[in-house]
Amino acid sequence: MNQDDTPHLVPFAIDLTFEEARRRAEVLAALGPDWDPVAALTGEQEAYALLYSNLDAEQQRTYDLLVAAGVLPGEEPGRAAAH
């Protein structure tokens, strides 16, 4: 497209703030009043610890390499892989 074709274009912008607020409200409503975020996080941490427990020596070396490379999260708080 050359510059001569663009004068008829109109700038277009959408503010999704309202829709994001609505989406978040729907997520919380779907979780229900009994949802306990602390219990959910605790359960997730327990599952993560169990997943990587009882590794044999080769599995542990592979796990350590993946953590060092940032592919898997380590043991630090807020564990999230770097990549």
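Structure: see above.
Just so we're clear, the structure is a prediction, and the values are computed from it rather than from any experiment.

Draft legend 1. Highlighting the overall build of the chain. A tally of regular secondary structure across the chain gives three helices and zero strands. When the helices and strands of the chain are listed from N to C terminus, the series reads α-α-α. Here the chain holds 83 residues, and 7% of them are scored as buried. Total accessible area on the chain is roughly 7400 Å²; 60% of this is exposed by carbon and sulfur atoms.

Draft legend 2. Up close: a nonpolar patch on the surface. Residues Val27, Leu28, Leu31 and Trp35 make up a contiguous nonpolar surface patch of about 360 Å² in total accessible area. For Trp35, the location among the structural elements is in the loop between α1 (17-31) and α2 (37-51).

Draft legend 3. Highlighting the pattern of salt bridges. The full count for this structure, using the stated rule, is three salt bridges. The closest approach of N and O atoms between Arg22 and Glu19, which form a salt bridge, is 3.0 Å. Note that Arg22 and Glu19 are positioned in helix α1 at a spacing of three residues, about one turn of the helix. For Glu20, the salt bridge goes to Arg24, with nearest N and O atoms at 2.8 Å. Of the two residues, Glu20 and Arg24 are both situated in helix α1; the distance of four residues between them amounts to about one turn of the helix. Assessed through its relative accessible area of 52%, Arg24 is described here as exposed. Counted as one network, the salt bridges with shared partners bring together Glu20, Arg23 and Arg24.

Draft legend 4. Expanded view of α1. With 15 residues, α1 should reach 21 Å at 1.5 Å per residue; the first-to-last C-alpha distance of 21 Å fits that figure. With its phi angle positive at about 85°, Gly32 sits one or two positions after the end of α1.

Draft legend 5. Region of interest: unusual backbone geometry. Unusually for a residue other than glycine, Asn54 sits at a positive phi of about 55°. Among the secondary structure elements, Asn54 is positioned in the loop between α2 and α3 (57-68).

Parameters at a glance
- Residues numbered from 1 in each chain as written.
- Predicted model: local features only at pLDDT ≥ 70, side-chain atom pairs only at ≥ 80, totals over all residues.
- Heavy atoms only, no water.
- Helix = DSSP H or I, 4+ residues; strand = E, 2+ residues; numbered from the N terminus.
- Buried < 20%, exposed > 50% of the residue type's maximum accessible area, 1.4 Å probe, protein only.
- Areas by Shrake-Rupley, 256 points an atom, 1.4 Å probe, with all protein chains shown as cover.
- Patch = residues over 30% accessible without salt bridge, like charges linked within 9 Å, V, L, I, M, F, W, Y side chains within 5 Å.
- Salt bridge = Lys/Arg side-chain N within 4 Å of Asp/Glu carboxyl O.
- Expected span 1.5 Å × (residues − 1).

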